[in-house]
Amino acid sequence: MTDTYIHGHDESVLASHRWRGAENSAGYLLPVLQENHTLLDVGCGPGTITRDFAQRLPRGRVVALDRSAPIVREAVGAIQHCSGIVGDAYTLPFPNRSFDVVHAHQVLQHLRDPEGAIGEMARVSRHYLAFADADYDRMMWWPNVQELDRWMQLYQGIASANHVNPNIGRQLPSLALACGLSRYTTHAITWTYATPELCRWWGDLWAGRVLHSTFASEALRLGLSTHEELAFIARGWKAWARQPGAMFVIPSVAILAEN
Ligand SMILES: C[S@@+](CC[C@H](N)C(=O)[O-])C[C@H]1O[C@@H](n2cnc3c(N)ncnc32)[C@H](O)[C@@H]1O
């Protein structure tokens, strides 16, 4: 059975992913990159991180892989030594040890079988395997508003009904061990939205996601919410984003494993 990607690729989702870059989302990996490395980015999304990697590997090669064809096209962009492929993290279309570095950012939380995907990524990596995921249950925001509490409850419900784990961040070290990775380091990444501009950006994006993305269609399909409640949550996000002193912190855990 194919996993449902519970964010989907609505513009409101892609706009939040396009904020990411190698510095703010994969800083733990940058010190080991060498300019002739080959790198596979699994679940590349719109590819802002992927293209940052390509800029840092001018004598290497970067491959962007995702299940969605339009997303792969966006990820590759106009970079000469970056190519794209539509594929599945569970069955990567490459021989063993094909890439110096294999990377996956915010992907394992969307998979029913994260161990299967880690094993597959380890198979095609030659030197380094790097993966990072957020931990929704440890996200932090202020002020407290009931609409955001309900948003989190719904998010957890949608993920659980789809048999995926939005709180996987804290489990990545034990998953690494379970997959036979013994030489690895564990890192924490935080994204902080605490200026009025960033809070408005983040809150307005989520207001859109709550109404138009797969979050909305899954909440309705599963009978977890109604159009009226989603509109209430969206208004809550917008109002929260305009409160003086608002802030939102997203923690992720990253694993950098060596083969
Ligand atoms: C949350 S996005 C992360 C995108 C990108 N890595 C980033 O951080 O900006 C997750 C991406 O994984 C892709 N994806 C989900 N399941 C996948 C699978 N089984 N194989 C490959 N890609 C998958 C989705 O299509 C989506 O683009």
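Whatever comes next refers back to the structure up there.
Residues numbered from 1 in each chain as written. Predicted model: local features only at pLDDT ≥ 70, side-chain atom pairs only at ≥ 80, totals over all residues. Heavy atoms only, no water.

**Student:** I keep staring at the overall build of the chain and nothing clicks. Help me out?
**Tutor:** Each helix and strand counted, the chain has 10 helices and eight strands in total. Computed over its C-alpha atoms, the radius of gyration of the chain comes to 18 Å, within 12% of the 18 Å expected for a compact globule of 259 residues. Its C-alpha atoms put the chain at 50 × 35 × 35 Å along the principal axes. By sequence separation, contacts in the chain at least 24 residues apart represent 75% of the contacts at least 6 residues apart. Of the roughly 11,000 Å² that the chain leaves accessible, carbon and sulfur atoms contribute 53%. (Helix = DSSP H or I, 4+ residues; strand = E, 2+ residues; numbered from the N terminus. Rg over C-alpha atoms; globule rule 2.2 N^0.38 Å. Contact = heavy atoms within 4.5 Å. Areas by Shrake-Rupley, 256 points an atom, 1.4 Å probe, with all protein chains shown as cover.)

**Student:** What exactly am I supposed to notice about the packing of helix 6 (residues 146-161) against helix 9 (residues 214-221) here?
**Tutor:** Each packed pair of helices is defined by two parameters, the angle between the axes and the distance between the axes. Running from amino to carboxyl end, helix 6 crosses helix 9 at an angle of 75°, the nearest separation of the two axes being 10 Å. It follows that helix 6 is roughly perpendicular to helix 9 by the angle criterion. Here Trp 151, Leu 154, Tyr 155 and Ile 158 of helix 6 come into contact with helix 9, specifically with Phe 215, Glu 218 and Ala 219. Of the residues belonging to the contact of helix 6 with helix 9, the class tally is six nonpolar, no polar and one charged. (Axes fitted to C-alpha atoms, helices over the stretch in contact; angles between N-to-C directions. Parallel < 35°, antiparallel > 145°, perpendicular 65-115°, else oblique. Nonpolar A, V, L, I, M, F, W, Y, C, P; charged D, E, K, R; others polar.)

**Student:** Honestly, the pattern of salt bridges in this entry has me stumped. Any pointers?
**Tutor:** Where charged atoms from two side chains of opposite charge come close, those side chains can pair. Per the stated rule, a full pass over the model turns up 15 salt bridges. Among the salt bridges present, the one from Asp 3 reaches Arg 112, with a minimum N-O distance of 3.5 Å. Note that Asp 3 is positioned in the segment before helix 1 (11-17) and Arg 112 in the loop between strand 4 (99-105) and helix 5 (114-124), a separation of 109 residues in sequence. What makes Asp 3 buried here is its relative accessible area of 6%. Classification of Arg 112 as partly exposed rests on a relative accessible area of 33%. Between Glu 258 and Arg 183 there is a salt bridge whose closest N-O contact spans 4.0 Å. One end of the pair, Glu 258, is in strand 8 (residues 247-258); the other, Arg 183, is in the loop between helix 7 (172-178) and strand 7 (184-193), with 75 residues separating them in the sequence. (Salt bridge = Lys/Arg side-chain N within 4 Å of Asp/Glu carboxyl O. Buried < 20%, exposed > 50% of the residue type's maximum accessible area, 1.4 Å probe, protein only.)

**Student:** How should I be thinking about the packing of aromatic side chains in this particular structure?
**Tutor:** Each aromatic ring pair is described using two quantities: the centre-to-centre distance and the angle formed by the ring planes. Applying the stated criterion across every chain yields a total of 21 aromatic pairs. Taken together, a centroid distance of 4.9 Å and an interplanar angle of 90° make the contact between Phe 94 and Phe 99 edge-to-face. Note on Phe 99: relative accessible area 1%, which makes it buried. On the numbers, 5.6 Å between centres and 85° between planes, the contact of Trp 237 with Trp 240 is edge-to-face. With Trp 237 and Trp 240 both in helix 10 (residues 227-241), this residue pair falls three residues apart, about one helical turn. It is Arg 209 that lies over the ring of Trp 206; its NZ or CZ is 4.0 Å from the centre. (Phe/Tyr/Trp six-rings, centres within 6.5 Å; stacked < 30°, edge-to-face > 60°. Lys NZ or Arg CZ within 6 Å of the ring centre and 35° of its normal.)

**Student:** In this structure, what is going on with unusual backbone geometry? I would like to understand it.
**Tutor:** Here the residue pair Trp 142 and Pro 143 is connected by a cis peptide bond, since its omega of -5° sits within 30 degrees of zero. Following the sequence through the fold, Pro 143 ends up in the loop between strand 6 (140-142) and helix 6. Not every positive phi belongs to a glycine, and Arg 97 is a case in point at roughly 55°.

**Student:** What's the story with helix 4 (residues 69-76) in this structure? I'm lost.
**Tutor:** Turn by turn, an α-helix covers 3.6 residues, leaving residues three or four places apart pointing in a common direction. By the burial criterion, the buried members of helix 4 are Ile 71, Val 72, Ala 75 and Val 76. Considered in projection along helix 4, the buried side chains sweep an arc of 130° and stay on one side of the axis. Of the exposed residues in helix 4, those oriented more than 90 degrees away from the buried face are Pro 70 and Arg 73. Those residues of helix 4 that are buried lie in contact with helix 1, helix 3 (48-56), strand 2 (61-66) and strand 3 (82-86). (Arc of directions from axis to C-beta.)

**Student:** Just to check I follow, could you spell out the environment of Asn 96 for this structure?
**Tutor:** Within the element layout of this structure, Asn 96 appears in the loop between strand 3 and strand 4. Given the relative accessible area of 52%, Asn 96 is considered exposed. Separated by 134 residues in the primary sequence, Asn 96 and Leu 230 have C-alpha atoms spaced 46 Å apart. With near-sequence residues (within four places) excluded, Asn 96 lies in contact with Arg 123 and Val 124. Within the structure, Asn 96 has its side chain in polar contact with the side chain of Arg 123 (distance 2.9 Å). (Polar contact = N/O pair within 3.5 Å; in protein donor to acceptor, adjacent residues only side chain to side chain.)

**Student:** Explain the side chain of His 103 here, please?
**Tutor:** Position of His 103 among the secondary structure elements: in strand 4. Given the relative accessible area of 0%, His 103 is considered buried. A distance of 2.6 Å separates the side chain of His 103 from the side chain of Asp 41, its partner in a polar contact. Contact partners of His 103, with chain neighbours within four places excluded, come to Ala 26, Tyr 28, Leu 29, Leu 40, Asp 41, Val 42, Ile 49, Phe 53 and Ala 130.

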